[in-house]
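Results of the structural survey
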Amino acid sequence: EAGVAQSPRYKIIEKRQSVAFWCNPISGHATLYWYQQILGQGPKLLIQFQNNGVVDDSQLPKDRFSAERLKGVDSTLKIQPAKLEDSAVYLCASSQRGDEQFFGPGTRLTVL
Amino acid sequence: AQSVAQPEDQVNVAEGNPLTVKCTYSVSGNPYLFWYVQYPNRGLQFLLKYITGDNLVKGSYGFEAEFNKSQTSFHLKKPSALVSDSALYFCAVRDRGGTYKYIFGTGTRLKVLA
């Protein structure tokens, strides 16, 4: 069984630029999560999808962050424009019926 | 509102000794509880979960966790620590509603000393 795929693995951008991250969950997993993990901290949920509908985006900074999950499979998370404090690892995870989550390797974003 | 707490930022233990990483939770109703491990520069990996049934749950790599409803705790344990167990450990709680919403703890760094 293939795991959760994420790309790119690393990204360095200047502040005020835009960036997009891609996630392909495990086949058949209806629930997809995007987390932000700042160094030394626990994952913070940004947005949760159930199929292609949003379940929770209460902690997503909607003035600059957006996410979509077309056709209930792949998902893209975008930041526009980026700020210095957005430097973090962005983790994508998927689960089946809310059971244990399977995480991708993450994308490490550095904003200069 | 549900929450989870990991009171120790770091736990040091000698190789071969038993280890405990603490977790307490707050959730209405009966929770689903999870432990995840994060090795350096890698994503989180599932270790074990409590859904229902026996209070002692066994998971990967020889880890186990004990669900204690009266103390609202779910401590992670291992009888004999290995240096390779050194990593960041996260406790997570999920309610039993249909939203499948997780809350992660702040993490505990485990250092196993040779």
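Figured I'd write up the structure that's included with this text. In this text, all values refer to a predicted model and were calculated from it rather than measured experimentally.

1. Concerning the side chain of Gln37 of chain A
Looking at the secondary structure, you find Gln37 of chain A in strand β4 (residues 31–37). On the accessibility criterion, Gln37 of chain A (7% relative accessible area) is buried. A polar contact of 3.0 Å, which involves the side chain of Gln37 of chain A, links it to the backbone oxygen of Gln41 of chain A. With near-sequence residues (within four places) excluded, Gln37 of chain A lies in contact with Gly42, Pro43, Ala88, Val89 and Leu91 of chain A together with Gln38, Leu44 and Phe90 of chain B.

2. Observations regarding the side chain of Gln38 of chain B
Within the element layout of this structure, Gln38 of chain B appears in strand β5 (residues 32–38). A distance of 2.9 Å separates a polar atom in the side chain of Gln38 of chain B from a polar atom in the side chain of Gln37 of chain A. Apart from the residues within four sequence positions on either side, Gln38 of chain B is in contact with Gln37 of chain A together with Gly43, Leu44, Ala87, Leu88 and Phe90 of chain B.

3. A look at the pattern of salt bridges
Counting across every chain of the model gives seven salt bridges over all chains. Asp99 of chain A is the partner of Lys49 of chain B in a salt bridge, and the nearest nitrogen-oxygen pair spans 2.7 Å. Here Lys49 of chain B, found in strand β6 (residues 44–50), pairs with Asp99 of chain A, found in the loop between β9 (88–95) and β10 (102–103), and the two come from separate chains. With a relative accessible area of 25%, Lys49 of chain B lands in the partly exposed category. We note a salt bridge from Asp85 of chain B to Lys78 of chain B, for which the minimum N-O separation is 2.8 Å. What makes Lys78 of chain B buried here is its relative accessible area of 7%. What emerges from the salt-bridge pattern is a single network uniting Asp99 and Glu100 of chain A together with Lys49 of chain B.

4. A short note on the interface of chain A and chain B
With 23 residues of chain A at the contact, the number on the chain B side is 17 residues. For the chain A and chain B pair, buried surface summed over both sides reaches about 1600 Å², with 51% attributable to carbon and sulfur atoms. The interface formed by chain A and chain B includes two salt bridges. On the surface where chain A and chain B come into contact, there are five residue pairs in polar contact (both at pLDDT 80 or more). Only β4, β5 (44–50) and β6 (53–56) of chain A provide two or more residues apiece to the side of chain A that touches chain B. Take the side of chain A that touches chain B: its biggest share by element is four residues, from β4 of chain A. For the side of chain A that touches chain B, the residue count by class is seven nonpolar, ten polar and six charged.

What counts, and where the lines are drawn
- Residues numbered from 1 in each chain as written.
- Chains lettered and ligands numbered in written order.
- Predicted model: local features only at pLDDT ≥ 70, side-chain atom pairs only at ≥ 80, totals over all residues.
- Heavy atoms only, no water.
- Helix = DSSP H or I, 4+ residues; strand = E, 2+ residues; numbered from the N terminus.
- Buried < 20%, exposed > 50% of the residue type's maximum accessible area, 1.4 Å probe, protein only.
- Polar contact = N/O pair within 3.5 Å; in protein donor to acceptor, adjacent residues only side chain to side chain.
- Contact = heavy atoms within 4.5 Å.
- Salt bridge = Lys/Arg side-chain N within 4 Å of Asp/Glu carboxyl O.
- Buried area = accessible area lost by both parts, 1.4 Å probe.
- Nonpolar A, V, L, I, M, F, W, Y, C, P; charged D, E, K, R; others polar.

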